[in-house]
Amino acid sequence: MSDRITAAETLVAAPPAAGSPHVDAGDAGYSKDLKSRHINMIAIGGAIGTGLFLGAGGRLAGAGPSLAIAYAVCGVFAFFVVRALGELVLYRPSSGAFVSYAREFMGEKGAFAAGWLYFLNWATTAVADITAAATYAHFWGMFSDIPQWILALIALALVLTANLISVKYFGEMEFWFAIIKVGALVAFMLIGIFLVVTQHPVDGHTPGFSTITDSGGIFPVGMLPMLLVIQGVVFAYASVELCGVAAGETESPEKIMPKAINSIMWRVGLFYVGSVVLLALLLPYTSYSGDQSPFVTVMDKLGIPGAAGVMNLVVLTAALSSLNSGLYSTGRILRSMALSGSAPKFTGRMNKGQVPYGGILLTAGFGVLGVGLNYVMPGEAFEIVLNFASIGILGTWGMIMLCSLLFWHRSRDGRVTRPSYRLPWAPYTQIATLAFLATVVFLMWWGGGVGRTTVMCLPLIAAALVGGWFVVRRRVNDLAQEREDA
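Think of each chain on its own: its residues are numbered from 1, step by step along the sequence as written. Per-residue local features of the predicted model are confined to residues with pLDDT of at least 70, and side-chain atom pairs are confined, for both listing and counting, to 80 or more; whole-chain, interface and lining totals are unaffected and use all residues. To get the side-chain values, all heavy atoms of the structure are used, and hydrogens and water are removed first.

S.K.: Describe the overall build of the chain, naming the residues involved and giving the relevant values.
M.R.: Helical segments are the DSSP runs of H or I of at least four residues, strand segments are the runs of E of at least two, and each set is numbered from the N terminus. Scanning the chain from terminus to terminus reveals 20 helices and zero strands. Each residue gets one of three labels from its accessible area relative to the maximum for its type: buried under 20%, exposed over 50%, partly exposed in between, using a 1.4 Å probe on protein chains only. Considering the chain as a whole, with its 486 residues, one finds that 59% of them fall into the buried category.

Dropping the structure here:
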């Protein structure tokens, strides 16, 4: 018997504990080729991305060692978000993920808003990723004379081609991308710990707590800069929800997902907080910059032949991995929306490899706009798109927590049954997370600059969502009526 069963068939065969009267049309047609090792490594890859490998340098320079605190706080709320999504996944696995859950608990308007906010997230993140990839490539002399926009276009073309083949190929790519990222981080941390323990000088500095105390302590420039970098730190966790999207294309999600999600917490503590602490112990925070990965900076200062080049290759891999994941997830989300009428019809199309190529191409199209941004303003491209991506992330996380909160309320009424794997301390966890997300938006505005400009664009984003809904609502209602009549 073929294992390429449809999601609709899986839902019919699901046990009562996950029972749901809601069946999403966008779940049908996918293969079930993602295995446990794929999901586990996708979860790791989602928790380790461009925001750490590139973004940590500029944030360390701006906030100092207190950046570790910001990573820890944001990591806790990121875990709450993915744990809430995990509960919904075990209730009803769906490739539409939170868009499908928004449709069930908030109606088509909620699904429309959730889907397009997620698209905003990944369309702008794709620009950030190709910008990061082009920045990394300039580290090597052979690429230094090539314009940044050309390198960005090459990165987009390579990842787009790979993503269109099949979900199995995507899973294999992400598996090995994650292996490379984790292996490199573990190697860096072992080297860093060795340098701290042996007091081996790094660029004339003796590693240890004295590096922090002699440079102004944990808050060398005060607490305010730490608060202001939080919106960028949120971007670093932007892909944690990816494993929830991938659950719709895996067998036995009820066995795989809890293990993958629960491990995110210690990964956050080890890789994010641990890495930043080590970076602060090895060199003064003023040694880092936003123009270079902090890991490459340390290796460069050590003077080990080829070490900086190898680490730069790893962070380049991380950027391509993030871009690969973004194309994957938006393709699935847009297909779920297209089959309900909330997205253009062509985004619902699938190729012979059971890949929703229409949505992937739409996201890639916005990546091409990012290539243009790299041509016009290569120096500010990353910062601009990071802020707009953060708005998309905050909106996506907010919708996930709202769905979780509505799910909890329905379970209290007896209309649905919560699985045994649950978000702890509900509903207070959802409320606290929503309050945190609102605080991040306020901090973006309070910090001024690009962040304030981005927040001031929120009315325009809201107006675009409202206007878009009025454009598609007739088609959405017609398709909903057809499903009722069928």
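S.K.: Pulling in residues and values, what's your account of the nonpolar core?
M.R.: In terms of nonpolar packing, the biggest core is built from 156 residues, with Phe53, Tyr71, Phe98, Phe188, Val234, Tyr237 and Trp397 touching the most fellow members. Among the elements that take part in this core, helix α6 (residues 97-137) stands out by supplying 26 residues, more than any other. Here a residue-residue contact requires only that any non-hydrogen atoms of the pair lie within 4.5 Å. Among all residues touching Trp397, those that are not within four sequence positions of it are Ala78, Val81, Val234, Tyr237, Val240, Glu241 and Leu437. Here the nonpolar core consists of buried residues drawn from Ala, Val, Leu, Ile, Met, Phe, Trp, Tyr and Cys, with membership extended through side-chain atoms lying within 4.5 Å.

S.K.: Break down the environment of Leu185 for me, with residues and values.
M.R.: Along the chain, Leu185 turns up in helix α8 (residues 167-198). It is 9.6 Å that separates the C-alpha atoms of Leu185 and Phe53, two residues lying 132 residues apart in sequence.

S.K.: For a negative patch on the surface, give the residues involved together with the corresponding values.
M.R.: Patch criteria: residues need more than 30% relative accessible area and no salt bridge. Like-charged residues are merged within 9 Å; nonpolar side chains of Val, Leu, Ile, Met, Phe, Trp and Tyr are merged within 5 Å. A 1.4 Å probe and the Shrake-Rupley method give the accessible areas. Residues count as covered only by the protein chains that appear here. When a carboxyl oxygen of Asp or Glu is within 4 Å of a side-chain nitrogen of Lys or Arg, the pair counts as a salt bridge. For the purpose of charge, His is not counted, nor are the chain termini; Lys and Arg are scored as positive and Asp and Glu as negative. Where a charge lies is defined by one atom per residue type, namely NZ (Lys), CZ (Arg), CG (Asp) and CD (Glu). On the surface, Asp478, Glu482, Glu484 and Asp485 cluster together to form a negatively charged patch. Relative to the assigned elements, Glu484 resides in helix α20 (residues 458-485). Under the relative-accessibility criterion, Glu484 is labelled exposed at 60%.

S.K.: How would you sum up the packing of aromatic side chains? Please name residues and give values.
M.R.: Any two of the Phe, Tyr and Trp rings considered here, Trp counted by its six-membered ring, make a pair once their centres fall within 6.5 Å; the pair's planes then place it as stacked at under 30 degrees, edge-to-face at over 60, or tilted in between. Within the structure shown, the criterion is met by 20 aromatic pairs. Arranged with centres 4.8 Å apart and planes meeting at 85°, the rings of Phe188 and Phe295 form a pair that is edge-to-face. Here Phe188, found in helix α8, pairs with Phe295, found in helix α14 (residues 294-302); they are 107 residues apart in sequence, far enough to count as distant. For the pair formed by Phe188 and Phe295, the shared burial category is buried. Here, a charge over a ring means that NZ of Lys or CZ of Arg falls within 6 Å of the ring centre while also lying within 35 degrees of the ring normal. Over the face of the ring belonging to Tyr421 we find Arg83, whose NZ or CZ atom lies 4.1 Å from the ring centre. Over the ring of Trp445 we find Arg452; its NZ or CZ atom is 4.4 Å from the centre of that ring.

S.K.: Lay out the side chain of Thr347 in plain terms, naming residues and giving numbers.
M.R.: With respect to the helices, strands and loops of the structure, Thr347 is situated in the loop between α15 (307-338) and α16 (357-376). Only 2.6 Å separates the side chain of Thr347 from the backbone oxygen of Pro344, close enough to count as a polar contact. What qualifies as a polar contact is a pair of N or O atoms within 3.5 Å, subject to a donor-acceptor requirement within protein and to the restriction that residues adjacent in sequence count only when both atoms come from side chains.

S.K.: Describe in detail a nonpolar patch on the surface, supporting the description with residues and values.
M.R.: A contiguous nonpolar surface patch, about 400 Å² in accessible area, is contributed by Ile69, Val73, Ile218, Phe219 and Met223. Tracing the sequence through the fold places Val73 in helix α5 (residues 67-91).

S.K.: I'd like a description of the pattern of salt bridges, backed by residues and values.
M.R.: This model, assessed by the stated rule, comprises five salt bridges. For Glu104, the salt bridge identified is with Arg92, shortest N-O distance 3.0 Å. Here the residue Glu104 occupies a position in helix α6, and Arg92 occupies one in the loop between α5 and α6, the gap between them amounting to 12 residues. In this structure Glu104 comes out as buried when scored by relative accessible area, which is 10%. Judged by relative accessible area, which is 1%, Arg92 ranks as buried. The partner of Arg415 in a salt bridge is Asp413, with the nearest N and O atoms 3.3 Å apart. Side by side, Arg415 and Asp413 carry an identical accessibility label, which is exposed.

S.K.: Describe in detail helix α4 (residues 55-63), supporting the description with residues and values.
M.R.: Taken residue by residue, α4 has Gly55, Ala56, Gly57, Arg59, Leu60 and Ala63 as its buried positions. At the C-terminal side of α4, Gly64 shows a positive phi close to 75°.

S.K.: Hey, could you go over the packing of α5 against α6 for me, with residue numbers and the actual values?
M.R.: Two numbers describe how α5 lies on α6: the axes approach to 11 Å, and their chain directions differ by 75°. Taken together, the axes of α5 and α6 are roughly perpendicular relative to one another. In this structure, α5 contributes Leu85, Leu88, Val89 and Tyr91 to the contact, and α6 contributes Phe98, Tyr101, Glu104 and Phe105. The angle between two axes is taken between their N-to-C directions and runs from 0 to 180 degrees, where each axis is a line fitted to C-alpha atoms and a helix contributes only its stretch in contact. When an angle is under 35 degrees it counts as roughly parallel; over 145 it counts as roughly antiparallel; between 65 and 115 it counts as roughly perpendicular; any other value is oblique.

S.K.: I'd like a rundown of unusual backbone geometry, residues and numbers included.
M.R.: That bond from Ala426 to Pro427 is cis: its omega, 5°, falls within 30 degrees of zero. By the secondary structure assignment, Pro427 is in the loop between α17 (381-413) and α18 (428-446). Positive phi is not limited to glycine here, since Asp203 has a value of about 55°. Relative to the helices and strands, Asp203 is located in the loop between α8 and α9 (209-213). For Trp425, which is not glycine, the phi dihedral falls at a positive 60°. Structurally, Trp425 is set in the loop between α17 and α18.

S.K.: Talk me through the environment of Gly348; I want residue IDs and the actual numbers.
M.R.: With respect to the helices and strands, the residue Gly348 is situated in the loop between α15 and α16. Assessed through its relative accessible area of 13%, Gly348 is described here as buried. Counting along the chain gives 15 residues from Gly348 to Ile333, while the straight-line C-alpha distance between them is 9.5 Å. Sequence-distant contacts of Gly348, that is, excluding residues within four places in its chain, are made with Arg335 and Ala338.

Scope: geometric values only; no functional claims are made or implied.
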